[in-house]
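Coordinates in review
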Amino acid sequence: LERQRIDEALGHFADALVRAGSDSERALVHNKRALAHLRRADRDAAVAAFTAAFVADPRCVPAIVNVGNLLLEDGAVDDAIAHYHAALNIDDAYAAAHLNLGIAYKRLGRRAEAVREFRRAHRRGAR
């Protein structure tokens, strides 16, 4: 996926789904599949993969954050914020959720909250 070999990555993800030993592992693989589809600009397939992630594990924090990112891109800032908060309620140490929550707050002009979230993201290792 990092090398932009999307078809190859999707093949590996299909194999990983077969080998996944738990619902949480399956959810993480579906999340990665969704990211591959987004790199292909196939949003419908990405949404289907995110949905499969939630079916496998409704508490899959990376998928919750990534759906929040799609909402943020669409301009649904309040819905994105709700997703980031939901992710943080599950795992407050997830740096990407803090970072993206900061971005969403910044878009709304909520500077103090944005700075707070950027600091939290930094402390949790976001780059």
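Heads up: the structure comes first, above all this text.
Below: a short report on this structure. None of these values were measured; they are calculated from a predicted model.

**So, the side chain of histidine 30**
One can find histidine 30 in helix α2 (residues 23-39). Histidine 30 gets classed as buried once you look at its relative accessible area, which sits at 13%. Polar side-chain contacts of histidine 30 include one of 2.7 Å to the side chain of arginine 33.

**Considerations on the pattern of salt bridges**
Tallying each qualifying case throughout the model produces eight salt bridges. As a salt-bridge pair, arginine 40 and aspartate 7 come within 1.8 Å of each other at their nearest N and O atoms. Of this pair, arginine 40 sits in the loop between α2 and α3 (43-56) while aspartate 7 sits in helix α1 (residues 6-19), and the two are 33 residues apart along the sequence. Accessibility expressed as a relative area gives 41% for arginine 40, which makes it partly exposed. Assessed through its relative accessible area of 55%, aspartate 7 is described here as exposed. Here the salt bridges share partners, and the residues they tie into one network are Arg116, Glu117 and Arg120.

**A word on the environment of arginine 110**
Among the secondary structure elements, arginine 110 is positioned in the loop between α6 (95-107) and α7 (111-123). You can call arginine 110 partly exposed: its relative accessible area is 31%. Sequence separation of arginine 110 and alanine 36 is 74 residues, and the distance between their C-alpha atoms is 32 Å. Filtering out sequence-adjacent residues up to four positions away, arginine 110 remains in contact with Ile81 and Tyr105.

**Considering the layout of surface pockets**
Quantified by volume, the largest pocket comes out at close to 320 Å³. For the largest pocket, the lining is made up of 14 residues, of which Leu35, Leu38, Arg39, Asn66 and Asn69 are closest to its centre. Taken together, the elements giving at least two residues each to the lining of the largest pocket come down to α2, α4 (61-73) and α6. With five residues, the top contributor of residues to the lining of the largest pocket is α4. When the residues that make up the lining of the largest pocket are grouped by side-chain class, the tally is five nonpolar, three polar and six charged.

Quick notes on the rules
Sequence positions are assigned chain by chain, starting from 1 and proceeding in written order. For a predicted model such as this one, the threshold for reporting local features is a pLDDT of at least 70, and the threshold for listing and counting side-chain atom pairs is 80 or more; totals across whole chains, interfaces and linings nevertheless cover every residue. Only hydrogens and water are removed before side-chain values are computed, so all heavy atoms of the structure are retained for them. The secondary structure listing takes helices from DSSP runs of H or I that are at least 4 residues long and strands from runs of E that are at least 2 residues long, numbered from the N terminus. Only protein chains enter the area calculation, which uses a 1.4 Å probe; residues under 20% of their type maximum are buried, those over 50% are exposed, and those in between are partly exposed. Under this definition, polar contacts are N or O atom pairs within 3.5 Å; protein pairs additionally need one hydrogen-donor-capable and one acceptor-capable atom, and for neighbouring residues in sequence, both atoms have to be side-chain atoms. Definition used for salt bridges: Asp or Glu carboxyl oxygen within 4 Å of a side-chain nitrogen of Lys or Arg. Whether two residues are in contact is decided by their heavy atoms, any of which lying within 4.5 Å being enough. Points on a 1 Å grid, built from protein atoms alone, make a cavity when a 1.4 Å probe fits but cannot get out and make a pocket when they are open with protein on both sides within 12 Å along at least 5 of 7 lines; residues with an atom within 4 Å of a point are the lining residues. Grid points are joined across faces, edges and corners, and a volume is the space filled by probe spheres set on the points. For this classification, the nonpolar set comprises Ala, Val, Leu, Ile, Met, Phe, Trp, Tyr, Cys and Pro, the charged set comprises Asp, Glu, Lys and Arg, and every other residue, Gly included, is treated as polar.

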